[in-house]
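If you want the building blocks of each chain, they are given just below.
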Amino acid sequence: GEIDYKPGLSGQRAHMNATPLLASLAWKIFECTNDLSGLEAAIEPLVRFYNSWFTAPRDRDSDGIPEWSNLSQTGLDEHPIFSHRCFNGQGVDPACIESPDLCAYLYHENTALQKLAGMLGREDLIDMLAPSAELLKAAILTSWNNVDNCFHYWDRDTHLATGPTV
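First, a word on what this report is: a plain description of the structure on this page. All values reported here derive from a predicted model rather than from experimental measurement.

1. Notes on the packing of helix α2 (residues 36–52) against helix α3 (residues 100–119)
Working step 1: Put simply, α2 and α3 touch, their axes get as near as 10 Å, and they point 145° apart. For α2 against α3, the interelement crossing comes out left-handed. Together, L36, L39, I43, L46, V47 and Y50 of α2 and L106, E109, N110, L113, L116, A117 and M119 of α3 make up the contact between the two elements.
Working step 2: Broken down by class, the residue content of the contact of α2 with α3 amounts to eleven nonpolar, one polar and one charged.

As structure tokens, then:
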């Protein structure tokens, strides 16, 4: 179920999961093609990829909320929390922080997978996906700070959020 973030032409591997966007892309493709056979072929690998985010190497504290492994997975090489190069960058290891952005990506993937499963009549997959969707949604909502009007990252181990994210 793991899909490498950045496979090389000569077989090199980054040994970290790709950003979770594939089920959303599959749903958009389905909306254009209405190809149920393509969905049937893709649904199981997409679910395995989604589930791979919740394994020990990515959910280091086993709380159902995974962490990024590397700054490059975020798509933001100059992220102020994680970058060393950015002005006022804090250089925090992404593996030590649970982030609302990863939760949002995974929640979006979960809802896309549930739509795909619904099109295929796979209630078993919908039932399997629903609990993690609720957990991710709750994490996103909890990370919102009304004082700062922004989402906050939180410590992986203590689950405490400190200060604004940006």
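2. What about the nonpolar core?
Nonpolar side chains in soluble globular proteins generally cluster together in the buried interior.
Working step 1: With 28 residues, the main nonpolar core has C103, L113 and L116 as its most contacted residues.
Working step 2: Where this core is concerned, the elements lending two or more residues are α1 (22–33), α2, α3 and α4 (123–143).
Working step 3: Tallying contributions element by element places α3 first for this core, with seven residues.
Working step 4: Other than its neighbours up to four places away in sequence, L113 contacts A23, I43, L46, V47, Y50 and L129.

Reading the values: rules and limits
- Residues numbered from 1 in each chain as written.
- Predicted model: local features only at pLDDT ≥ 70, side-chain atom pairs only at ≥ 80, totals over all residues.
- Heavy atoms only, no water.
- Axes fitted to C-alpha atoms, helices over the stretch in contact; angles between N-to-C directions.
- Helix = DSSP H or I, 4+ residues; strand = E, 2+ residues; numbered from the N terminus.
- Left-handed = near helix turned anticlockwise from the far one by under 90°.
- Contact = heavy atoms within 4.5 Å.
- Nonpolar A, V, L, I, M, F, W, Y, C, P; charged D, E, K, R; others polar.
- Core = buried A, V, L, I, M, F, W, Y, C linked by side-chain atoms within 4.5 Å.
- Buried < 20%, exposed > 50% of the residue type's maximum accessible area, 1.4 Å probe, protein only.

It is worth stressing that arrangement in space is one thing and function is another; only the former is reported here.
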